[in-house]
Amino acid sequence: MKKISIAGATGYTGIELLRLLVKHPEVEIAALTAESHAGKNIAAVAPSLKGWVDQSLVKLSPQIAQECDVLFLALPHTTSMKHVPELLQSDCKIIDLSADYRLQDAGVYGDWYQTPHLNPELLSQAVYGLPELHRKAIKKAQLVANPGCYPTGAILALAPLVQQDWADSTSIILDSKSGVSGAGRKLSQGTQFCEANESVAAYGLGDHRHTPEIEQELSGLAGQQLTVTFSPHLMPMTRGLLTTAYVSLKNAIDLQTLHDHFAKFYKNERFVRVLEAGQYANTAHVAGSNFCDIGVQVDTRNQRAIVTSAIDNLMKGASSQAIQNMNLMLGIDETTGLDAPPLFP
Ligand SMILES: NC(=O)c1ccc[n+]([C@@H]2O[C@H](COP(=O)([O-])OP(=O)(O)OC[C@H]3O[C@@H](n4cnc5c(N)ncnc54)[C@H](OP(=O)(O)O)[C@@H]3O)[C@@H](O)[C@H]2O)c1
């Protein structure tokens, strides 16, 4: 059995990691860390885990990495990079769920996160943890940067199009809608019940921090620098993330051709389900699972592809994708502990 520790075990992604890992057949839980809740029992802070995990929360220290095989960092961005250089001194593999190692260019990180990167020399060592695109590199990595939730849905929706060079790369618009758990467990005005319930609102138009991450990965696939217009929205639901991508096509393509191309692109991917031609992705059909559902449509009047993708932001958008990466890094079957149907209704 491999020993697994979680830093930030009391947050939404940390609790989701635990929910999955306690049933994973090849691992056992070692240490769990927290900041404000250090010293308490995990079940006191995460009552859903009562009877599954009975452990005291400790503060993050380098010793934790020395005593486990894999350490998940479910910490706020800018916190992870304060710890990673010291944690990497051990042989432990690290999967960081924050944004700190996702961008290859430290200057881009500084511009979008308004703080200089503390260890830019580690960025080239970190592998972007989207298995469908970087499986080979993930298997060999010691440090994996788990993708953001919006980028996961957006990149998977567009990868087949940009790689094929069918898209007019100046025309990409991504309209995304996220459940409130995407903002984490800490209190903030916008995520309070009275503010988020019965309300749909755009935010971060033109400057959301997930934009450069989406552009980095799509540019890599396209073989040229491209930019996207990314419009996130907060939805009055707990989990789920729907992306609708609009892309002008360089040449007329019919729906069946587009659909068959997507189906072929993802034919070996257990966790990407390409829906029948003309069906649209729905967050209710992937809840609680590691699946990303993708639906394609062609607006023939405007020669535009419209692609919908649905994920659970806490699962394929964060914690289950992190476990998919862990499985690859440990050399075990990628689907271990993850292959289950979504919750419905
Ligand atoms: N929520 C999502 O859907 C989602 C999706 C993809 C990626 N992510 C990313 O994953 C990371 C975790 O997200 P989350 O939603 O789980 O956040 P969260 O609910 O706010 O939890 C944050 C965790 O980090 C701990 N923490 C806070 N400040 C710390 C510090 N200075 N030192 C050590 N530990 C500290 C907290 O401990 P205490 O509880 O003791 O304060 C808590 O366990 C973030 O970087 C986020 O952007 C989140």
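Residue indices follow the written sequence of each chain, beginning from 1 at its first position. For a predicted model such as this one, the threshold for reporting local features is a pLDDT of at least 70, and the threshold for listing and counting side-chain atom pairs is 80 or more; totals across whole chains, interfaces and linings nevertheless cover every residue. To get the side-chain values, take all heavy atoms of the structure and skip hydrogens and water.

### Focus: the site of the ligand
Working step 1: One heavy atom within 4 Å of a molecule or strand is enough for the residue carrying it to be called near that molecule or strand. Taken together, the neighbourhood of the ligand is formed by 28 residues, with Thr10, Thr13, Ser36, Leu75 and Arg185 sitting nearest.
Working step 2: Whenever two N or O atoms come within 3.5 Å, that pair is a polar contact, provided that in protein one can donate a hydrogen and the other can accept it, and provided that, for residues adjacent in sequence, both atoms are side-chain atoms. One nitrogen or oxygen atom from the side chain of Ser36 is found 2.8 Å from an oxygen atom belonging to the ligand.
Working step 3: Between the ligand and the protein, one listed contact pairs a nitrogen atom with a backbone N or O atom of Ser181 at 3.0 Å.
Working step 4: Here the nonpolar group is Ala, Val, Leu, Ile, Met, Phe, Trp, Tyr, Cys and Pro; Asp, Glu, Lys and Arg are the charged ones; every other residue, Gly included, is treated as polar. When its residues are assigned to classes, the shell around the ligand shows 10 nonpolar, 14 polar and 4 charged.
Working step 5: Two domains each donate at least three residues to the shell around the ligand, and these are domain 1 (2–146 + 318–330) and domain 2 (150–311). For the purposes of this description, domain bounds are those given by an automatic or database domain assignment.

### Side note on the pairing of strand S12 (residues 292–299)
Working step 1: Judged by how many residues are buried, S12 sits mostly within the fold: 7 of 8 residues are covered.
Working step 2: Two strands form a pair only when DSSP identifies at least two bridges running between them. Each helix is a run of H or I in the DSSP string that is no shorter than four residues. Each strand is a run of E no shorter than two, and both are numbered from the N terminus. In this sheet, S12 lies alongside strand S11 (residues 272–274) in parallel orientation, the contact comprising 3 bridges. Note on S12: the bridge partner recorded for Val272 is Cys292.
Working step 3: Note: S12 against strand S13 (residues 304–311), 7 bridges, orientation antiparallel. To sort residues, take the accessible area from a 1.4 Å probe on protein chains only and compare it with the maximum for the residue type: under 20% means buried, over 50% means exposed, and anything in between is partly exposed.

### As for the packing of aromatic side chains
Working step 1: For Phe, Tyr and Trp, where Trp contributes only its six-membered ring, two rings pair if their centres lie within 6.5 Å, and the inter-plane angle classes them as stacked under 30 degrees, edge-to-face over 60, or tilted in between. Taken as a whole, this structure holds 4 aromatic pairs when the rule is applied.
Working step 2: With 4.9 Å between their ring centres and 80 degrees between their planes, Phe265 and Tyr266 make a pair best called edge-to-face.
Working step 3: A relative accessible area of 3% places Tyr266 in the buried class.
Working step 4: As a reminder, the over-ring test applies to NZ of lysine and CZ of arginine, requiring each to be within 6 Å of the ring centre and within 35 degrees of the ring normal. Above the plane of the ring of Phe291 lies Arg273, whose end atom (NZ or CZ) is 4.3 Å from the centre.

### Overview of the pattern of salt bridges
Working step 1: Take a side-chain nitrogen of Lys or Arg and a carboxyl oxygen of Asp or Glu: if they are within 4 Å of each other, that pair is a salt bridge. All chains considered together, the criterion is met by 13 salt bridges.
Working step 2: Of the charged contacts, one joins Arg19 and Glu16 as a salt bridge, the two residues approaching to 3.1 Å between their closest N and O atoms. Of this pair, Arg19 and Glu16 both sit in helix H1 (residues 12–21), 3 residues apart, roughly one helical turn.
Working step 3: Across the pair Arg239 and Asp312 runs a salt bridge whose closest N-O atoms are separated by 2.9 Å. Linking Arg239 in the loop between strand S9 (229–234) and strand S10 (241–248) with Asp312 in the loop between S13 and helix H11 (319–330), this pair joins segments that are 73 residues apart in sequence.
Working step 4: Take Arg239: its relative accessible area is 27%, and that puts it in the partly exposed class.
Working step 5: Take Asp312: its relative accessible area is 1%, and that puts it in the buried class.
Working step 6: One network of salt bridges, with partners in common, ties together Glu16, Arg19, Arg239 and Asp312.

### Here's the deal with the environment of Thr115
Working step 1: Assignment of secondary structure puts Thr115 in the loop between helix H5 (106–113) and strand S5 (127–128).
Working step 2: Taking the relative accessible area as the measure of exposure, Thr115 reaches 24% and is therefore partly exposed.
Working step 3: Residue contacts are counted whenever heavy atoms from the two residues lie within 4.5 Å of one another. When sequence neighbours within four positions are dropped, the list of residues in contact with Thr115 reads Thr78, Met81, Tyr109 and Gly110.

### Let's talk about the domain arrangement of the protein
Working step 1: By domain assignment, the protein separates into domain 1 (2–146 + 318–330) and domain 2 (150–311).
Working step 2: Relative placement of domain 1 and domain 2: their C-alpha centres are 25 Å apart.
Working step 3: Buried area: the accessible surface (1.4 Å probe) lost by two parts on joining, summed over both. Here domain 1 packs against domain 2, burying approximately 2,100 Å² in sum over the two surfaces, 50% of which is carbon and sulfur.
Working step 4: Its largest share of buried area at the contact with domain 2, domain 1 owes to Tyr12, Trp112 and Glu132, together 30% of the area lost on that side.
Working step 5: Viewed at the interface, domain 2 and domain 1 are joined by 3 salt bridges.
Working step 6: Between Arg135 and Glu269 there is a salt bridge whose closest N-O contact spans 2.7 Å.
Working step 7: The interface formed by domain 1 and domain 2 holds 16 residue pairs in polar contact (both at pLDDT 80 or more) in total.
Working step 8: If you list the elements that add at least two residues to the side of domain 1 that touches domain 2, you get H1, H5, helix H6 (131–140) and H11.
Working step 9: Counted by class, the side of domain 1 that touches domain 2 contains 10 nonpolar, 8 polar and 5 charged residues.

### Observations regarding the nonpolar core
Working step 1: Residues grouped as a nonpolar core are buried Ala, Val, Leu, Ile, Met, Phe, Trp, Tyr and Cys residues, joined through side-chain atoms within 4.5 Å. Counting residues in hydrophobic clusters, the biggest one holds 43 residues, and the most contacted among them are Leu17, Leu21, Ile42, Phe72, Ile95 and Met326.
Working step 2: No other element matches H11, which puts 6 residues into this core.
Working step 3: When we break this core down by domain, the ones giving at least three residues each are domain 1 (2–146 + 318–330) and domain 2 (150–311).
Working step 4: If sequence neighbours within four positions are ignored, Leu17 has contacts with Ile6, Phe72, Ala74, Leu97, Ser319, Ala322 and Ile323.
Working step 5: One finds Tyr128, Cys149, Val162 and Ile311 within the second-largest nonpolar core, a separate group that totals 37 residues.

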